[in-house]
Amino acid sequence: MRTILALVAVLVVSGCTTVDDFVALTPEQRAEKACLNVTEFKQEYKELSALSTNIVQTQMDLNRGYKIHKQCRTVQTAGNAQTNCYQTFSGVQCDTVTVPNYQTVCDEIPVAINPEFETQKLEKMKELYPVLKERLQQKYNACYQTVLQMTPDQAFAVWKSRTKPSITIAQ
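Source: prediction; values computed, not measured.

Trainee: Can you break down the packing of aromatic side chains residue by residue, with the values?
Mentor: Evaluation of the coordinates by the stated rule reveals 5 aromatic pairs. Where Phe41 meets Tyr140, the ring centres are 6.3 Å apart and the plane angle is 65°; that geometry is what we call edge-to-face. Taken together, the positions of Phe41 in helix H4 (residues 39–64) and Tyr140 in helix H5 (residues 115–148) put the pair 99 residues apart, joining distant regions of the chain. Tyr140 matches Phe41 in its accessibility class, with the two residues each being buried. Site record: aromatic cluster; members linked through ring pairs are Phe22, Phe156 and Trp159.

Trainee: Break down the state of the cysteines for me, citing the residues and quoting the values.
Mentor: Per the stated rule, a full pass over the model turns up 3 disulfides. At a sulfur-sulfur separation of 1.9 Å, the disulfide partner of Cys72 is Cys106. Measuring handedness by torsion sign, the sulfur bridge of Cys72 and Cys106 sits at about 105° and is right-handed. Of this pair, Cys72 sits in strand E1 (residues 66–88) while Cys106 is found in strand E2 (residues 91–112), placing the two residues 34 residues apart along the sequence. What pairs with Cys85 in a disulfide is Cys94, and their sulfur atoms sit 2.0 Å apart. In this structure, the disulfide formed by Cys85 and Cys94 twists by about 110° around the S-S bond and is classed as right-handed. The exposure class of Cys94 is partly exposed, given its relative accessible area of 42%.

Trainee: Residue-level account of the nonpolar core, with values.
Mentor: In this structure, Phe22, Ala34, Cys35, Phe41, Cys143 and Val147 are the most contacted members of the largest nonpolar core, which totals 17 residues. When contributions to this core are tallied by element, the ones reaching two or more residues are helix H3 (27–36), H4, H5 and helix H6 (152–161). With 5 residues, H5 is the largest single contributor of residues to this core. Not counting residues within four places of it along the chain, the set of residues in contact with Ala34 comprises Phe22, Val147, Ala155, Val158 and Trp159.

Here is what the cut-offs are and how they apply
Residues numbered from 1 in each chain as written. Predicted model: local features only at pLDDT ≥ 70, side-chain atom pairs only at ≥ 80, totals over all residues. Heavy atoms only, no water. Phe/Tyr/Trp six-rings, centres within 6.5 Å; stacked < 30°, edge-to-face > 60°. Helix = DSSP H or I, 4+ residues; strand = E, 2+ residues; numbered from the N terminus. Buried < 20%, exposed > 50% of the residue type's maximum accessible area, 1.4 Å probe, protein only. Disulfide = S-S within 2.5 Å. Core = buried A, V, L, I, M, F, W, Y, C linked by side-chain atoms within 4.5 Å. Contact = heavy atoms within 4.5 Å.

Right under this line is the structure:
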């Protein structure tokens, strides 16, 4: 419950960010806040994270000797009875209604793998990961260095637009 409240608080606070908030930040904090909000970087980080997960999963599959396919379905279970009472002309009337609960049930099915194919796939993913990570880091650093030189108003505009800064600061 605390986690949900904290998340809601963060969303409310982040939704109410103003130029004045950026004025109160150091140039480094402004650059970090603006660049971390860039949609392109968020998407690339998500893809990098997915690649990392795939590397771990493929390695686990190779170690185990097979993949595990999950087949899930939703089943209805016994529900909770709710009594609703209301006033009528003849007095109080109550109805009891059973509200069903639903539960997801999964079966794990072993699936054969081709170890040679999975090994090749794993090696390609392991080669790709540092390349994508370095590319993302370079893009983020370029954004950071550009926003670092911006005024609070300009940095706020980058943050608000969720796009990389298009303004080149003259030195």
